[in-house]
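Coordinates in review
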Amino acid sequence: AAGVIQSPRHLIKEKRETATLKCYPIPRHDTVYWYQQGPGQDPQFLISFYEKMQSDKGSIPDRFSAQQFSDYHSELNMSSLELGDSALYFCASSYGQGMETQYFGPGTRLLVL
Amino acid sequence: AQRVTQPEKLLSVFKGAPVELKCNYSYSGSPELFWYVQYSRQRLQLLLRHISRESIKGFTADLNKGETSFHLKKPFAQEEDSAMYYCALSGEGYGGSQGNLIFGKGTKLSVKP
């Protein structure tokens, strides 16, 4: 069965650069969630989209933005990168919002130097 | 405030021994509770959710609203159970919608031969 796809899997950037992370949900899933997991930390919710509209917002810095496109894939744009942005970024998708089961992608590991 | 607490960072047991991973939550409404597992270098995978009342890989978890707990149990641990286990809660989102997961800090289970 198709799973959530994230690209790239690894990314190295310098401070103050920008990065774009992509997430391709499971086919027919209409909801995408983004989470950030720092080293040794639990995943923290950043933002979510349902039917291409932002549905909820968590601890996402103003330097970050995201959107969901017509094909339901989502992109997380990160600008003015800081050392503290180094983390594993997970995308999850579900069919419908609310308490539906979320299926996670493998994550993008971002390292900011 | 919504919160998930996993008091043990590391739990080490011998193969064949019973396992209990503790999870307590704080939530004012009716939450949906999940257990996710993360094997080494793999994505987060749903292990079970309380609403389905399933037993996956021999694991069970019962929601105790009186004690606000959702402990994960397995009568006989196997070496392949060694992984990071996250308890998560789905409830009212920051924007009022539901869906985003709130994770505990995770418990690393190590099953020794």
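Here goes a summary of the coordinates provided. All chains use their own residue numbering, which begins from 1 and follows the written sequence. Both sets of labels track the order of writing: A upward for chains, 1 upward for ligands. In keeping with the model being predicted, local features are shown solely for residues with a pLDDT of at least 70 and side-chain atom pairs are shown and tallied solely at 80 or more, while totals for entire chains, interfaces and linings include all residues. Heavy atoms from the whole structure form the basis of all side-chain values; hydrogens and water molecules are not counted.

Think of a 1 Å grid over just the protein atoms. A cavity is a set of points where a 1.4 Å probe fits yet cannot get out, a pocket is an open set with protein on both sides within 12 Å along at least five of seven lines, and lining residues have an atom within 4 Å of a point. Grid points are joined across faces, edges and corners, and a volume is the space filled by probe spheres set on the points. Approximately 890 Å³ is the volume attributed to the largest pocket. If you list the elements that add at least two residues to the lining of the largest pocket, you get β2 (10-13), β9 (87-94) and β11 (108-112) of chain A together with β9 (83-92) and β11 (107-112) of chain B. For this classification, the nonpolar set comprises Ala, Val, Leu, Ile, Met, Phe, Trp, Tyr, Cys and Pro, the charged set comprises Asp, Glu, Lys and Arg, and every other residue, Gly included, is treated as polar. Split into classes, the residues belonging to the lining of the largest pocket amount to 13 nonpolar, 13 polar and seven charged. Runs of H or I in DSSP of at least four residues are treated as helices and runs of E of at least two as strands, each being numbered from the N terminus.

So, about the sheet that holds strand β8 (residues 74-78) of chain A. Residue and element names in this part refer to chain A. Any two strands with at least two DSSP bridges between them are considered paired. Strand order across the open sheet formed by four strands is β1-β3-β8-β7, with antiparallel pairing between neighbours. Both outer strands of the open sheet, β1 (5-7) and β7 (64-68), are each paired with one neighbouring strand and no more. Within this sheet the neighbouring strands show an average axis-to-axis angle of 15 degrees, counted without direction. Alignment of β1 against strand β3 (residues 19-24), held across three bridges, turns out to be antiparallel. Of the residues in β3, the one forming a bridge with I5 is Y24. Axis geometry follows a simple rule: fit a line to the C-alpha atoms, using only the stretch in contact for helices, then measure angles between N-to-C directions, giving values from 0 to 180 degrees.

Our focus in this paragraph is the interface of chain B and chain A. Note on definitions: a residue-residue contact is assigned when non-hydrogen atoms from the two residues lie within 4.5 Å. The partner chain A presents 23 residues to the 23 residues of chain B that form the contact. Regarding the contact of chain B and chain A, the summed buried area is about 1,900 Å², with carbon and sulfur atoms giving 51% of it. Residue K105(B) pairs with D42(A) through a salt bridge whose shortest N-O separation is 3.1 Å. N or O atoms closer than or at 3.5 Å make up a polar contact, with two conditions inside protein: a donor-capable atom paired with an acceptor-capable one, and, for residues adjacent in sequence, both atoms drawn from side chains. At the junction of chain B and chain A, the tally comes to seven residue pairs in polar contact (both at pLDDT 80 or more). In short, buried area is how much 1.4 Å probe accessible area vanishes from two parts on joining, totalled over both. Only one rule defines a salt bridge in this text: a Lys or Arg side-chain nitrogen within 4 Å of an Asp or Glu carboxyl oxygen.

To count as a disulfide, a pair of cysteine sulfur atoms needs to be within 2.5 Å. A full pass over the atoms with the stated rule returns two disulfides over all chains. Two residues, C23(A) and C91(A), share a disulfide whose sulfurs are 1.7 Å apart. Residues C23(A) and C91(A) share a disulfide whose torsion about the S-S bond is about -50 degrees; that sign makes it left-handed. Note that C23(A) is positioned in strand β3 and C91(A) in strand β9, a separation of 68 residues in sequence. Summarising the burial analysis for this pair, C23(A) and C91(A) share the class buried. What pairs with C23(B) in a disulfide is C87(B), and their sulfur atoms sit 2.0 Å apart. Taking the sign of the S-S torsion, -65 degrees for the link of C23(B) and C87(B), the bridge is left-handed. Linking C23(B) in the loop between β3 (19-21) and β4 (24-26) with C87(B) in strand β9, this pair joins segments that are 64 residues apart in sequence. Given a relative accessible area of 0%, C23(B) falls into the buried group. A residue is classified by how much of its surface remains accessible, and C87(B), at 0% relative accessible area, is buried. Type-normalised accessible area, obtained with a 1.4 Å probe on protein chains alone, sets the label of each residue: buried when under 20%, exposed when over 50%, and partly exposed for intermediate values.

Among the surface-exposed residues, I12(A), L111(A) and L113(A) lie close enough to one another that they form a single nonpolar patch of about 290 Å² accessible area. When you line up the elements, L113(A) lands in the segment after β11. Exposure above 30% relative accessible area and the absence of a salt bridge qualify a residue for a patch, where like charges join within 9 Å and nonpolar side chains (Val, Leu, Ile, Met, Phe, Trp, Tyr) within 5 Å. Using a 1.4 Å probe, the Shrake-Rupley method yields the accessible areas, and only the shown protein chains count as cover for residues.

Moving on, we get to the packing of aromatic side chains. Aromatic rings from Phe, Tyr and Trp, taking only the six-membered ring of Trp, are treated as a pair when their centres fall within 6.5 Å; an angle between ring planes under 30 degrees marks them as stacked, one over 60 as edge-to-face, and anything in between as tilted. According to the stated counting rule, one finds 11 aromatic pairs over all chains in the structure shown. Aromatic side chains Y35(A) and F45(A) sit 5.8 Å apart centroid to centroid with 65 degrees between the ring planes, which places their arrangement in the edge-to-face category. One end of the pair, Y35(A), is in strand β4 (residues 31-37); the other, F45(A), is in strand β5 (residues 44-50), with 10 residues separating them in the sequence. When sorted by exposure, Y35(A) lands in the same class as F45(A), which is buried. Ring geometry for F104(A) and Y36(B): centres 5.2 Å apart, planes at 80 degrees, overall edge-to-face. A residue pair is termed interchain when its members come from two chains, as with F104(A) in strand β10 (residues 103-104) and Y36(B) in strand β5 (residues 32-38). The exposure class of F104(A) is buried, given its relative accessible area of 3%.

Turning our eyes to something else, we now look at the sheet that holds strand β7 (residues 60-61) of chain B. Residues and elements named next belong to chain B. The three strands are arranged β3-β8-β7 in an open sheet whose pairing can be described as antiparallel. Two strands in the sheet have a free side with no partner beyond their single neighbour: β3 and β7. In this sheet, strand β8 (residues 72-74) lies alongside β7 in antiparallel orientation, the contact comprising two bridges. Bridge assignment links T60 to a residue of β8, and that residue is K73.

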